[in-house]
Each structure stands twice: as structure tokens, then as C-alpha cells.
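# What the coordinates show
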Amino acid sequence: MTIRITWARAAAAIVALALAGLLFAWSGVFNIAASSGHWKITDWFLHWTMRNSVRTYAAVTAPDDPKAKEGLVSAAGLFKASCASCHGAPGVPPLPVMQAATPPAPDLSINAREWTDKQIFWILKHGVKYTGMPGWAAKDRDDEVRRMVAFVRLLPEMTPATYRSLTEVPGGTDAKIATCAGCHGVDGRGRGQPDMPVLGGQSPANLRAALEAYATGKRQSAVMANAAATLTPEEMTRLADHFAAMPGIGGVTPSGSTAAARIDRQGLPKVQLPACSICHAPGKPYPVLAGQRASYIAQRLRNWRGDETVVDARKSQSTMPVIARRIPEDMIDPLARYLAGR
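The sections below set out a description of the structure shown in this document. (Residues numbered from 1 in each chain as written. Predicted model: local features only at pLDDT ≥ 70, side-chain atom pairs only at ≥ 80, totals over all residues. Heavy atoms only, no water.)

Below, the discussion takes up the overall build of the chain. Tallying secondary structure elements over the chain gives 17 helices and zero strands in all. For 342 residues, the compact-globule estimate of 2.2 N^0.38 gives 20 Å, and the chain exceeds it by more than 25% at 25 Å. Taken along its principal axes, the extent of the C-alpha atoms in the chain is 95 × 50 × 35 Å. Every one of the 342 residues in the chain was classed for burial, and the buried ones make up 37%. Taking the intrachain contacts of the chain between residues at least 6 apart in sequence as the baseline, contacts between residues at least 24 apart amount to 68%. Accessible surface computed for the chain: about 20200 Å², of which carbon and sulfur atoms make up 62%. The average position of the 39 basic charges and that of the 27 acidic charges among the side chains of the chain differ by 4 Å. (Helix = DSSP H or I, 4+ residues; strand = E, 2+ residues; numbered from the N terminus. Rg over C-alpha atoms; globule rule 2.2 N^0.38 Å. Buried < 20%, exposed > 50% of the residue type's maximum accessible area, 1.4 Å probe, protein only. Contact = heavy atoms within 4.5 Å. Areas by Shrake-Rupley, 256 points an atom, 1.4 Å probe, with all protein chains shown as cover. Lys, Arg positive; Asp, Glu negative; His and termini not counted. Charge placed at Lys NZ, Arg CZ, Asp CG, Glu CD.)

Further remarks concern the state of the cysteines. Scanning the model with the defined rule gives zero disulfides in all. Free cysteine: C83, not disulfide-bonded; nearest cysteine sulfur from C86 at 8.1 Å. (Disulfide = S-S within 2.5 Å.)

Most of helix 17 (residues 332–340) is tucked away, with seven of its nine residues classed as buried. Inspection of helix 17 places I332, P334, L335, A336, Y338, L339 and A340 among the buried residues, and these make up the whole buried set. Buried-residue contacts for helix 17 involve helix 13 (258–265) and helix 15 (294–305).

With respect to the helices and strands, the residue Q292 is situated in the loop between helix 14 (277–280) and helix 15. Among the polar contacts made by the side chain of Q292, one reaches the main-chain amide nitrogen of V198 at a distance of 2.7 Å. (Polar contact = N/O pair within 3.5 Å; in protein donor to acceptor, adjacent residues only side chain to side chain.)

Core analysis: the biggest nonpolar cluster contains 36 residues, and F79, W136, M148, F151, Y163 and L166 have the highest contact counts within it. Mapped by element, the contributors of at least two residues to this core are helix 2 (40–61), helix 3 (72–87), helix 6 (117–126), helix 7 (142–154), helix 8 (160–167) and helix 11 (222–228). In terms of residues, this core owes the most to one element, helix 3, which gives seven residues. Dropping the residues within four chain positions of it, L166 is found in contact with L72, V73, A76, F151, M158, G182 and R191. One finds A260, L301, I332 and L339 within the second-largest nonpolar core, a separate group that totals 19 residues. (Core = buried A, V, L, I, M, F, W, Y, C linked by side-chain atoms within 4.5 Å.)

The full count for this structure, using the stated rule, is 19 salt bridges. The partner of K80 in a salt bridge is E168, with the nearest N and O atoms 3.7 Å apart. One end of the pair, K80, is in helix 3; the other, E168, is in the loop between helix 8 and helix 9 (175–184), and 88 residues separate them in sequence. With a shortest N-O distance of 3.4 Å, E308 and R305 are connected by a salt bridge. (Salt bridge = Lys/Arg side-chain N within 4 Å of Asp/Glu carboxyl O.)

Structurally, the position occupied by R141 is in the loop between helix 6 and helix 7. R141 sits in the buried class, given a relative accessible area of 7%. A polar atom in the side chain of R141 sits 2.7 Å from the side chain of D143. Excluding anything up to four places from it in sequence, R141 contacts W136, R147, Q220, S221, R300 and N303.

Let's shift gears to the environment of R293. With respect to the helices and strands, the residue R293 is situated in the loop between helix 14 and helix 15. Sequence separation of R293 and A336 is 43 residues, and the distance between their C-alpha atoms is 8.0 Å. In this structure the side chain of R293 is engaged in a polar contact, spanning 2.6 Å, whose partner is the backbone oxygen of M196.

Another aspect to go through is the packing of helix 15 against helix 16 (residues 319–326). Put simply, helix 15 and helix 16 touch, their axes get as near as 8 Å, and they point 100 degrees apart. Overall, the two elements helix 15 and helix 16 adopt an arrangement that is roughly perpendicular. Facing L301, W304 and R305 of helix 15, the residues of helix 16 in contact are M320, P321, A324 and R325. For the contact of helix 15 with helix 16, the per-class residue count stands at five nonpolar, no polar and two charged. (Axes fitted to C-alpha atoms, helices over the stretch in contact; angles between N-to-C directions. Parallel < 35°, antiparallel > 145°, perpendicular 65-115°, else oblique. Nonpolar A, V, L, I, M, F, W, Y, C, P; charged D, E, K, R; others polar.)

The following block contains the structure:
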């Protein structure tokens, strides 16, 4: 017997298959338990799809400079706090409960070799659906993503001793202070890292306000948001008082080019750029910049400026991003060096 296929019969078959699928989902027969794992064909298909997607989107959307050249301490600190429990770390196995996920997080000492820098950047920034891999927790902080790319790239060759040197500092018994010191140093000077600010000499109120802003998302940083999110108000106050009391910023006289001095003291009225000293001089309610690390100031200003290919109207209209975009690009480094006092 020959069955003639018509448009009506084809449509009826499609509807019947759709209804059968809905009935199967409604019945609850499909086992969604992570402990059941995937069929091999399902596991292969999902990973194949994911790899193809990462390859395509990374090639199109990831930046050409996806990896930072310095500043691994902050990335290592975030990795220790948020990533090592799933992926493990040099000398540190992943938590068994995290490895019971479906799919389990890969061992990056092996898996990192299989991806390009652009692909690692894309995965870190956007995450992967239907896995435990989240997207980056701070908008427009590609500088943090780049540092994590550099850190992940080193994992296949990293020794436990090197990992400990990046994430720990000797001395101290207070757990919260020790955690902060892992990145900021026991002296609050940032362990010489170019992306770390000098905390000593700032006002306790300013440091505490910064912790609150990171914890609530008012300030964007995946690293600092992760560190501040679990702090109690009392712990924020204690940490702010501890690091503010250390020697650091203070007694430094800005010096450098006359053009940078003019921006600091007078601003650039023609482009509606206010003077830095209006808000950032000692005694003002904002961070003191005189004596701050030049590399940190320059990095933050460039990050606030945002992508040069995006029009201003689509960028943040908050105070510092607007101010940073009004500073001439060729004056960012001279201004940072001037404020640092060297």
C-alpha cells in the first residue's frame, strides 16, 4: 500500500510530533537528575555545539588583545575565591560536590590548552548556558577579563608554589584581613601590581563607601564585588579602618608636565572638563589621587572611557566615565604620572 504525502498530512504529522513531545515533557518521565548524567551521544552533541558556538562568536566579537601582559594577582585572588572550588587549582583539587555536576567543570590545567586566547576571553566574559559557568559579573570590565585570560593561560604550567605566591601573603591571623591582603598586600600597597590602588592614607569613610558600592553593584568589578558581597557592615568598617591607617598616600606633591598640572588645577573649560583637585584633593569626600599608583590611575581612566568605537550617547553617563572621555587620550599617562608624583 502506498501512502501519498500531502501538505495536510505533513502538517498533521508535525503537530502530532509536537504534541507527543509536550506530552512526554508533561509526564515527568524524562530524568533531569544531575546524578543520571548524559547519554554519550547527548554529551558529545552538547559539547560539539558549544565548541562551534565559542569558535564562531570569539572570532567575531572577542578583542584582538584578549590577554593582559601583567597584573595576575587580582585574577588569581578571584580564581581562588570563585573558580577553584569547581575547577581545582595547582595543588588544590576541586570540591567533590562541585564535580558531581552535569557536566562537571573541566580541569583547566588540561582544558586551557584546547582554546585560543580569544576563545577563553569569550567564555569568561559570556559564560556557557546549561552549565555552571557564569558570565563575567561586572559590565564593561574587559580589563579584568583580560587578566583572568592571562592567569588561565598559565595554569597548565603553574606550580603549587607559584599559585600560593599569587594568592597568599605570610603573616596575620585575622581571616578577613588576610583575604584582602592576598591581593592588596599586608601594607595595603597592592603587592606592586599595576592594577591595584594604594589604600593606605585614604579616608576610612571613602574605603568603606567603596566596599558598599561594590557589594551593591553601584561600582562595577567582578573581583571586588565577589570580595565585598559577604562582608557585614561591621567587617567593612573594620577593614576600612585597618587599611586606611597604613602609610601610603600622603605627603606626596604632584609633579610633572605643565599640561597635566593645568588639568589637575584648572581643568579644560573648552571641553567642560573640571579640575581633578576640585574633588580629589586631601580633605575632600573622594579618593586622594596625589601619590596614587600611576598605572592604576591610567587603567581606570581608560576603562571609564570605554570602547572608542561606541558613541558617547551609548556609554555610561555617570560622573567619572563622562570626565574620563573629556580628557585627551594623549594626556592620560602624563596626568597619571603627575598625580602619582613621579
